[in-house]
Amino acid sequence: MSINLYEILANELGSLIASRVLAPGDRLPSIRHLAQQKRLSISTVMQALRLMEDRGLVEAKPQAGFYVRHRAKMLAVMTDTQNLKEPAYVGINNRLMRVLSLNETPGIIQLGSAWPPDEMLPIKRVQRTVSAVSRREPELLARVSVFETNEPGFLRQISRRALDWGRLDPEEIIVTGSCTEAISLCLRAVAKAGDTIAIESATYFVLLQMIESLGMKALEIPTHPKTGPSLDALELALQAGLVQACLFVPNANNPLGCVMPEENKKRLAALLSLHDIPLVEDDIYGDLCFAAERPWPVKAYDTSGHVLLCSSFSKAITPAARVGYVVAGRYAQEVALLKAVSSGATSHFFQAVLADFLDGSSYDNQTRKMRRVLAQRIARMSDAVSAYFPAECSVSEPQGGFVLWVRMPEAVDAMALHLRAIGEGIAFVPGPLFSASGKFGNYLRLNCGNSWSPEIERAVSKLGQLVHSAAEQPAGACLQE
């Protein structure tokens, strides 16, 4: 997909902001100066600046030009600077289910769930597509097969969308009931109970639940909030024979929002091949990364079939379709067998619906709009945390997705804070649930997908007050409430 001139300029200026060449509060060069310097039209420069404004990077001041926005203090170090610990069995299920149950309390202000709100999803367009497919191919509503599980049109769309980075072998693609099912099947195909899975630290709690439910161990790899897991640490673990498989989210990790640089992905693929270790790659947020060009998956650099690429379109089209897929490489036969005996075929009808939606410009238009809006909403939440939370707090700088990772003062117990917040009608997810060993006791994750409103603002303000209060209390006082 070609990139426009205004997007090139926006990305160039954005990189200057990210590297602090242009610092918060700095005035950008004038529109006329940028047009002359870059040999662009005034309208192209204006488009670039408006795009940066949408991304939350700059703000316009009347009669004064565009300025770099003041943002919350950013996380700048590995989330875990300690040496690698011994692999350990995961034990978060009970605590997690209690938290998620409380987060569904009626009337709660939802800063917890990592789903885009209904108003961002193309529901009407999906309705029209469902109607069209049911009229054109009514037989799909009755079709089921244990062996012919993939709808050809859906496979074509998966392959077409991967053409920028490689050609997929249709024999390696297995359609699943969701991205979650794809990951679970892959873990079962490449590892067994008692094996150790290398994971990012922090990582999405559902991935930890899967590892726990399969009786596997987890090894947390120190992870940088912008560039992802430390490959040096991973290489040491591989050399020591500590790991039987890896489970990473290289594009817009949840909860950090980091994107692994392309050179790191290339090195990771080489390490996997050298040590004969599989990677289960969760790429569900790849299409919602904020860069002008979609980042490639690690699968793009896989020449030995060690990478199992898992994804779906649920975050940008509809979660109700329950359709995901895996490009399973050398493990395709094992994954296909596990899929057949676990849940049988995935709905051919909804595969056809998604294939129709993906055939054309609708999906690209949808994800382009979502990226712009989500970047803006993350910036708004980051600003609110900066305004209402203690000054020593810091936040992630997500490069995709729609969640914000917040580090609070050391004295704050996120699990105890969660109970107090629920009492005030506010939901979030405490940091320890993103760690196999319960680290990140003073971290929390906020959902930024909701449209900003006075209600959301009040919730963040109240949550900031609770953090202030917890930070000022003597150790243990918050736990006694």
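Residues numbered from 1 in each chain as written. Predicted model: local features only at pLDDT ≥ 70, side-chain atom pairs only at ≥ 80, totals over all residues. Heavy atoms only, no water.

If you tally the helices and strands in the protein chain, you get 15 helices and 17 strands. Taken against the 2.2 N^0.38 rule, which gives 23 Å for 481 residues, the C-alpha radius of gyration of the protein chain at 23 Å falls within 12% of a compact globule. Based on the C-alpha atoms only, the size of the protein chain along its principal axes is roughly 65 × 60 × 45 Å. In the protein chain, buried positions account for 56% of the 481 residues. (Helix = DSSP H or I, 4+ residues; strand = E, 2+ residues; numbered from the N terminus. Rg over C-alpha atoms; globule rule 2.2 N^0.38 Å. Buried < 20%, exposed > 50% of the residue type's maximum accessible area, 1.4 Å probe, protein only.)

Right, let's get into the packing of helix α2 (residues 31-38) against helix α3 (residues 42-54). Interaxial distance between α2 and α3 falls to 9 Å at its minimum, and their mutual angle equals 115°. Put simply, α2 runs roughly perpendicular to α3. For the pair α2 and α3, the sense of crossing is right-handed. Here α2 contributes Ile-31, Arg-32, Leu-34 and Ala-35 to the contact with α3, which in turn contributes Ile-42, Val-45, Met-46 and Leu-49. (Axes fitted to C-alpha atoms, helices over the stretch in contact; angles between N-to-C directions. Parallel < 35°, antiparallel > 145°, perpendicular 65-115°, else oblique. Left-handed = near helix turned anticlockwise from the far one by under 90°. Contact = heavy atoms within 4.5 Å.)

Okay, the pairing of strand β14 (residues 403-407) next. The buried fraction of β14 is high, at four of five residues. Bridge analysis of strand β13 (residues 394-395) against β14 gives two bridges, and the strand direction is antiparallel. Its bridge partner being in β14, Ser-394 is matched across the sheet by Arg-407. As paired elements, β14 and strand β17 (residues 443-447) share five bridges and run antiparallel to each other. Directly across from Arg-407, in β17, lies its bridge partner Tyr-443. (Pairing = 2+ DSSP bridges.)

The next subject is the side chain of Gln-366. With respect to the helices, strands and loops of the structure, Gln-366 is situated in helix α13 (residues 362-388). Among the polar contacts listed, one links the side chain of Gln-366 to the backbone oxygen of Met-120, at a separation of 2.8 Å. Apart from the residues lying within four places of it in its own chain, the contact partners of Gln-366 are Met-120, Leu-121, Pro-122 and Ala-316. (Polar contact = N/O pair within 3.5 Å; in protein donor to acceptor, adjacent residues only side chain to side chain.)

So, on to the sheet that holds β14. Pairing within the open sheet is antiparallel, and its four strands lie in the order β13-β14-β17-β16. Edge positions in the sheet fall to β13 and β16 (429-430), since each has one partner strand and no second.

A few words on the layout of surface pockets. Of the voids in this model, the second largest pocket is the one considered here, and its volume is about 500 Å³. Taken together, 28 residues make up the lining of the second largest pocket; nearest its centre are Trp-115, Thr-180, Tyr-204, Val-206 and Lys-315. At the level of secondary structure, the elements contributing two or more residues to the lining of the second largest pocket comprise α4 (93-103), α7 (179-190) and α8 (205-213). At five residues, α8 tops the list of elements feeding residues into the lining of the second largest pocket. Split by residue class, the lining of the second largest pocket holds 14 nonpolar, nine polar and five charged. (1 Å grid on protein atoms, 1.4 Å probe; cavity = no way out; pocket = protein on both sides within 12 Å on 5 of 7 lines; lining within 4 Å. Points joined across faces, edges and corners; volume = space filled by probe spheres on them. Nonpolar A, V, L, I, M, F, W, Y, C, P; charged D, E, K, R; others polar.)

Look at α4 against helix α14 (residues 414-423): their axes get within 11 Å of each other, and the N-to-C directions meet at 20°. Put simply, α4 runs roughly parallel to α14. Once α4 is placed against α14, the crossing between them reads as left-handed. In contact with Val-99, Leu-102 and Asn-103 of α4, α14 contributes Met-415, His-418, Leu-419 and Ile-422.

This paragraph deals with empty space enclosed by the protein. Per the stated rule, a full pass over the model turns up four cavities of 30 Å³ or more. What the second largest cavity holds in volume is close to 50 Å³. Taken together, 13 residues make up the lining of the second largest cavity; nearest its centre are Ile-284, Asp-287, Ser-312, Phe-313 and Tyr-363.

Quick look at the pairing of strand β12 (residues 324-327) now. Across the two faces of β12 the burial is the same, with Gly-324 and Val-326 and Tyr-325 and Val-327 all buried. Here four bridges tie strand β5 (residues 173-176) to β12, and the two strands are oriented antiparallel to one another. Paired with Val-175 across the two strands is Tyr-325, which belongs to β12.

Attention shifts here to the side chain of Ser-312. By the secondary structure assignment, Ser-312 is in strand β11 (residues 307-312). Here the side chain of Ser-312 touches Ser-314 through a polar contact of 3.0 Å, side chain to side chain. Those residues within four positions of Ser-312 in sequence are excluded, and the remaining contacts are Cys-179, Ile-284, Val-323, Gly-324 and Tyr-325.

Within α8, seven of the nine residues are buried, leaving the element largely enclosed by the surrounding structure. Taken residue by residue, α8 has Phe-205, Val-206, Leu-207, Leu-208, Gln-209, Met-210 and Ile-211 as its buried positions. Phi turns positive, to about 70°, at Gly-215, one or two residues after α8.

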